[in-house]
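Per-entry structural report
Single-letter residue listing:
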Amino acid sequence: MNEPLKSRREKEKQARYDAILDAAEAVFSEKGYDRTSMDDIARTASLSRALLYVYFKDKAAIQMGIMQRAGKNLVERFKASHRSTDTGLAQIRAMGDAYYQFYREEPDYFAALTKASTVIADVDESQACAMLGSRDELIGLMVAALQKGLEDGTMNKERISDPTQTALYLRGALHGVIMLCEGESMPSDTLIQHTMDMLSHSIAKQ
């Protein structure tokens, strides 16, 4: 196939793929995931139902596409927090701030990532690998910051015997407090900042 023609077709395919996800995000936000049908998404995207199924086999596959977007968004936020600070401890704190701002600024994406573990078993292997790749990249960025903190002397070596487990603990703890605030309709800013202070203190070199 002529390369320019192939490139144009690939761009058109990607544009339609993105348009479907844009439409799905809008409908999910308005009606909720459970009440949204494939017909709703096709209509919002101005596509036939048949063409929609060429790109996504079902609603779970569309949701996973949105989760991949959410994962990429969060990865970029974590990368930016890495670049904005010098020490490992400061990087971990900045990533905590980035995670909370992600929740505040992209609540639908945050909710999508929260549901990822329940959806991932129902999608094809390529989508599952992409989603797991984003998750691994996020943890990898945290592990790199923890290792940097151990090297630059801002973190306590006795409390970080396994950087990967520590990264999972820190993210899980912060996520849990965010969900607590949301579920109880509690004022969140002060409690989140207190949580990050406590988590930072728990790994800092005294």
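Read on for an overview of the structure. The structure presented is a predicted model; accordingly, all values stated were derived computationally and were not measured. (Residues numbered from 1 in each chain as written. Predicted model: local features only at pLDDT ≥ 70, side-chain atom pairs only at ≥ 80, totals over all residues. Heavy atoms only, no water.)

Contact geometry of helix α4 (residues 59–83) with helix α6 (residues 107–114) gives a least axis separation of 9 Å together with a crossing angle of 110°. Relative to α6, α4 is oriented roughly perpendicular. As for the relative orientation of α4 and α6, their crossing is left-handed in sense. Taking contact as the criterion, the partners of I66, M67, R69, A70, G71, N73 and L74 in α4 are, on α6, Y109, A112 and L113. Classifying every residue of the contact of α4 with α6 by side-chain character gives 7 nonpolar, 2 polar and 1 charged. (Axes fitted to C-alpha atoms, helices over the stretch in contact; angles between N-to-C directions. Helix = DSSP H or I, 4+ residues; strand = E, 2+ residues; numbered from the N terminus. Parallel < 35°, antiparallel > 145°, perpendicular 65-115°, else oblique. Left-handed = near helix turned anticlockwise from the far one by under 90°. Contact = heavy atoms within 4.5 Å. Nonpolar A, V, L, I, M, F, W, Y, C, P; charged D, E, K, R; others polar.)

Core analysis: the biggest nonpolar cluster contains 54 residues, and I62, F78 and I92 have the highest contact counts within it. When sequence neighbours within four positions are dropped, the list of residues in contact with I62 reads I20, L21, A24, F28, M38, I41, L52 and F56. (Core = buried A, V, L, I, M, F, W, Y, C linked by side-chain atoms within 4.5 Å. Buried < 20%, exposed > 50% of the residue type's maximum accessible area, 1.4 Å probe, protein only.)

Here D189 shows up in helix α10 (residues 189–203). Counting along the chain gives 89 residues from D189 to Y100, while the straight-line C-alpha distance between them is 9.1 Å. Engagement of the side chain of D189 in a polar contact is seen with the side chain of R104, the distance being 2.8 Å. (Polar contact = N/O pair within 3.5 Å; in protein donor to acceptor, adjacent residues only side chain to side chain.)

Counted by the stated rule, this structure contains 6 aromatic pairs. Plain terms: the ring middles of Y103 and F110 are 4.9 Å apart, the flat faces sit at 70° to each other, and that makes the pair edge-to-face. The pair formed by Y103 and F110 is uniform in burial state, with each residue classed as buried. Aromatic ring contacts, followed pair by pair, group Y99, Y100, F102, Y103 and F110 into a single cluster. Across the ring face of Y33, the terminal group of K59 is positioned such that the distance to the ring centre comes to 4.4 Å. (Phe/Tyr/Trp six-rings, centres within 6.5 Å; stacked < 30°, edge-to-face > 60°. Lys NZ or Arg CZ within 6 Å of the ring centre and 35° of its normal.)

Turning our eyes to something else, we now look at α10. With 15 residues, α10 ought to run about 21 Å at 1.5 Å a step, and its terminal C-alpha atoms sit 22 Å apart, in line with that. Of the residues making up α10, those classed as buried are I192, T195, M196, L199, S200 and I203. All buried residues of α10 project into a common sector of 130° when viewed along the axis, lining one side. Opposite the buried face of α10, at more than 90 degrees from it, the exposed residues are T190 and M198. (Expected span 1.5 Å × (residues − 1). Arc of directions from axis to C-beta.)

Shape descriptors only; they carry no functional weight alone.
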